[in-house]
Amino acid sequence: MTAIQRGEPLVKQVYKYLYTAILSGEFRPNDKVVETHIAEKLQVSRSPVREAIRLLIQRDLLVEDADGVRVFQPTQRDFAELYEMRLALEPVAAERAAENMCPSGLQSLYSNAEKTEQALVSEDWDEIVLLNKEFHESIWQMSENRRILKAMQEITDLVQFYWRSLLYIPNLDIEIVEDHWRIIRCIERGDSTGAHAAMKQHVAKDLRVISERFQDVKDAFEETNRR
């Protein structure tokens, strides 16, 4: 944990800490987030912690119930709704990225895929999650569609949060690099139809795995929480 810096608003720093802890997996789904414990750990008053928690509730990363505040535990319906939105928007973004292909954007995708290959070899799961987020965000940017970019940026936290859950499924071959290279090759050729189809297949595969093995996701989460 980075020490609290007095020059930056405390709410912002506490928010960053909690946000990173949730998306990195330090705080697991359904973990209880206790305002007083966080305040003591960060050596700040409860007020900025309370405000940071409120902001994270608005982002759907924390939920409040009768027992307090917890990290969001996604249901199968939550996954389905998010991935339905991804299926509606991301294939179009990939299609537009192929139409607007530029050398700098393509180089960024190449570099990302190569780094992802290295991270998979070293089993650096935190890095894999971040690189996957970067890959998809690069394509949203390359689409040059402001509406798609805005809509996807609003759910990018949940996309990252949910995608990490796939890594908890035992013995799962997600073929992320193969899928990403397939999309990159289509964009490189300016094949908008192929890029649309490749991205649709990529996102649909994640949804299918979650739908078929949702209990495995829940079991893995619970086992991790017991450690």
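Up top you'll find the structure we're talking about.
Here the structure is a predicted model, which means the values were calculated and not measured.

Our focus in this paragraph is the overall build of the protein. Within the protein, the secondary structure is distributed over 10 helices and 2 strands. Reading the protein from its N end, one meets helices and strands in the order α-α-α-β-β-α-α-α-α-α-α-α. By the burial criterion, 46% of the 227 residues in the protein qualify as buried. Taking all contacts inside the protein whose residues are at least 6 apart in sequence as the whole, residues at least 24 apart take part in 75%.

The next subject is the packing of aromatic side chains. Each aromatic ring pair is characterised by the separation of its centres together with the angle its planes make. Counted by the stated rule, this structure contains 3 aromatic pairs. Taken together, a centroid distance of 5.8 Å and an interplanar angle of 15 degrees make the contact between Tyr-15 and Tyr-19 stacked. Of this pair, Tyr-15 and Tyr-19 both sit in helix 1 (residues 10-24), 4 residues apart, which is roughly one turn of the helix. A relative accessible area of 16% means that Tyr-15 is categorised as buried. Residues Tyr-110 and Trp-181 carry aromatic rings whose centres are separated by 5.2 Å and whose planes lie at 75 degrees to one another, so their mutual orientation is edge-to-face. Residue Tyr-110 is found in helix 5 (residues 103-122), and its partner Trp-181 is found in helix 8 (residues 176-189); the two are separated by 71 residues along the sequence. Its relative accessible area of 18% is what places Tyr-110 among the buried residues. When its relative accessible area of 15% is taken as the criterion, Trp-181 is described as buried.

Backbone geometry places Asn-30, a non-glycine residue, at a positive phi of 80 degrees. Locating Asn-30 in the fold gives a position in the loop between helix 1 and helix 2 (35-42). By relative accessible area, which is 41% here, Asn-30 ends up partly exposed. We note that Asp-60 has phi near 70 degrees; this positive angle belongs to a residue other than glycine. Positionally, Asp-60 belongs in the loop between helix 3 (46-58) and strand 1 (62-65).

Of all hydrophobic cores here, the largest spans 63 residues; its most connected members are Leu-18, Phe-27, Val-33, Ile-38, Ile-139 and Ile-187. In terms of residue count, the dominant contributor to this core is helix 7 (residues 146-166) (9 residues). Leave out the neighbours within four places in its chain, and Ile-139 touches Ala-93, Ala-94, Ala-97, Leu-109, Ile-183, Ile-187 and Met-199.

For Arg-86, the location among the structural elements is in helix 4 (residues 76-99). Accessibility expressed as a relative area gives 1% for Arg-86, which makes it buried. A distance of 2.4 Å separates polar atoms of two side chains, one belonging to Arg-86 and the other to Glu-90. Excluding its chain neighbours within four sequence positions, the residues that come into contact with Arg-86 are Pro-91, His-136, Met-152, Val-159, Val-203 and Asp-206.

The rules behind each value
Residues numbered from 1 in each chain as written. Predicted model: local features only at pLDDT ≥ 70, side-chain atom pairs only at ≥ 80, totals over all residues. Heavy atoms only, no water. Helix = DSSP H or I, 4+ residues; strand = E, 2+ residues; numbered from the N terminus. Buried < 20%, exposed > 50% of the residue type's maximum accessible area, 1.4 Å probe, protein only. Contact = heavy atoms within 4.5 Å. Phe/Tyr/Trp six-rings, centres within 6.5 Å; stacked < 30°, edge-to-face > 60°. Core = buried A, V, L, I, M, F, W, Y, C linked by side-chain atoms within 4.5 Å. Polar contact = N/O pair within 3.5 Å; in protein donor to acceptor, adjacent residues only side chain to side chain.

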